[in-house]
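Given next are the chains, with one letter for each unit.
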Amino acid sequence: MLEIATIKLNQMKNILITLSIISTSLFGIAQNIEFKSSNFKSDKEGYKNATEELDKGDEYYKIANEALFEVKPLGINYEMALKHYSNAQKFNPNSATLNFKI
């Protein structure tokens, strides 16, 4: 009986170790590409449009948060922020900061 429990415990330990290794390696796969002009030298116009969308999204997000904390109607500010963030994400889907905002 003790041998069976020891075998099952070892199997469970091996499974946990394997899952830990897999989950840790998945974090290394994700890339974060910041919205910096040096990262998009080949598409300056796209970068300019994407940063404009990002800035507009930030403005709407700020307005919505201020309204939320002042217990005022939010209107469509969060929706507008999401719209602009989504447009920016089409250009750079690997921005961790932008993906967090969405």
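Keep in mind that what you see is a predicted model, and the values were worked out from it rather than measured.

Colleague: Help me understand the pattern of salt bridges in this model?
Modeller: In a structure, side chains of opposite charge can pair up when their charged atoms sit close to one another. Tallied over the full model, the rule gives two salt bridges. Asp58 is the partner of Lys101 in a salt bridge, and the nearest nitrogen-oxygen pair spans 2.8 Å. Of the two residues, Lys101 is situated in helix H4 (residues 96–101) and Asp58 in helix H2 (residues 44–69); the sequence distance between them amounts to 43 residues. Residue class for Lys101 comes out partly exposed when judged on its relative accessible area of 32%. For Lys72, the salt bridge identified is with Glu70, shortest N-O distance 3.0 Å.

Colleague: Can you help me understand a negative patch on the surface in this one?
Modeller: Where like charges cluster on the molecular surface, the negative patch consists of Asp43, Glu45, Glu52, Asp55 and Glu59. Topologically, Asp43 is positioned in the loop between helix H1 (2–29) and H2.

Colleague: Help me understand the nonpolar core in this model?
Modeller: Soluble globular proteins tend to bury their nonpolar side chains together. Judged by nonpolar contacts, Phe35, Phe40, Tyr47, Ala50, Leu54, Ala81, Tyr85, Ala88 and Leu98 together constitute the single largest core of nine residues. Put simply, the parts of the chain that give this core at least two residues each are H2 and helix H3 (77–91). When residues no more than four places from it in sequence are discounted, the contact partners of Leu98 are Phe35, Leu54, Tyr85, Ala88, Gln89 and Asn92.

Colleague: Explain H2 to me, please; I cannot follow it from the model alone.
Modeller: Because the α-helix completes a turn every 3.6 residues, residues three or four places apart line up on one side. Between its first and last C-alpha, H2 extends 37 Å over 26 residues, near the 38 Å set by a 1.5 Å rise per residue. For H2, every residue scored as buried is listed here: Gly46, Tyr47, Ala50, Thr51, Glu53, Leu54, Gly57, Ala64, Asn65 and Ala67. Where H2 ends, the next residue or the one after it, Val71, has phi of about 55 degrees, a positive value.

Colleague: Hey, could you run me through the packing of aromatic side chains in this one?
Modeller: Aromatic ring pairs are reported here in terms of the distance separating the ring centres and the angle at which the planes meet. Inspection of the entire model under this criterion finds four aromatic pairs. Between the aromatic rings of Phe40 and Phe91, the centroid separation amounts to 4.9 Å while the plane-to-plane angle is 50 degrees, which identifies the pairing as tilted. Pair noted here: Phe40 is in the loop between H1 and H2 and Phe91 is in helix H3, with a separation of 51 residues, a long-range link. Three or more aromatic residues link up through ring pairs in this structure, and these residues are Phe35, Phe40, Tyr47 and Phe91.

Colleague: Explanation requested: H3 in the structure shown.
Modeller: With 15 residues, H3 should reach 21 Å at 1.5 Å per residue; the first-to-last C-alpha distance of 22 Å fits that figure. Its buried side turned inward, H3 meets H2 and H4.

Colleague: I'm lost on the side chain of Asn92 in this one. Help?
Modeller: Looking at the element boundaries, Asn92 is found in the loop between H3 and H4. The residues touching Asn92, leaving out its near neighbours within four places in the chain, are Ile33, Glu34, Phe35, Phe40 and Leu98.

Colleague: Can you help me understand a nonpolar patch on the surface in this one?
Modeller: On the surface, a cluster of nonpolar side chains totalling about 430 Å² of accessible area is made up of Met12, Ile15, Leu16 and Leu19. When you line up the elements, Leu19 lands in helix H1.

Calculation notes
Residues numbered from 1 in each chain as written. Predicted model: local features only at pLDDT ≥ 70, side-chain atom pairs only at ≥ 80, totals over all residues. Heavy atoms only, no water. Salt bridge = Lys/Arg side-chain N within 4 Å of Asp/Glu carboxyl O. Helix = DSSP H or I, 4+ residues; strand = E, 2+ residues; numbered from the N terminus. Buried < 20%, exposed > 50% of the residue type's maximum accessible area, 1.4 Å probe, protein only. Patch = residues over 30% accessible without salt bridge, like charges linked within 9 Å, V, L, I, M, F, W, Y side chains within 5 Å. Areas by Shrake-Rupley, 256 points an atom, 1.4 Å probe, with all protein chains shown as cover. Lys, Arg positive; Asp, Glu negative; His and termini not counted. Charge placed at Lys NZ, Arg CZ, Asp CG, Glu CD. Core = buried A, V, L, I, M, F, W, Y, C linked by side-chain atoms within 4.5 Å. Contact = heavy atoms within 4.5 Å. Expected span 1.5 Å × (residues − 1). Phe/Tyr/Trp six-rings, centres within 6.5 Å; stacked < 30°, edge-to-face > 60°.

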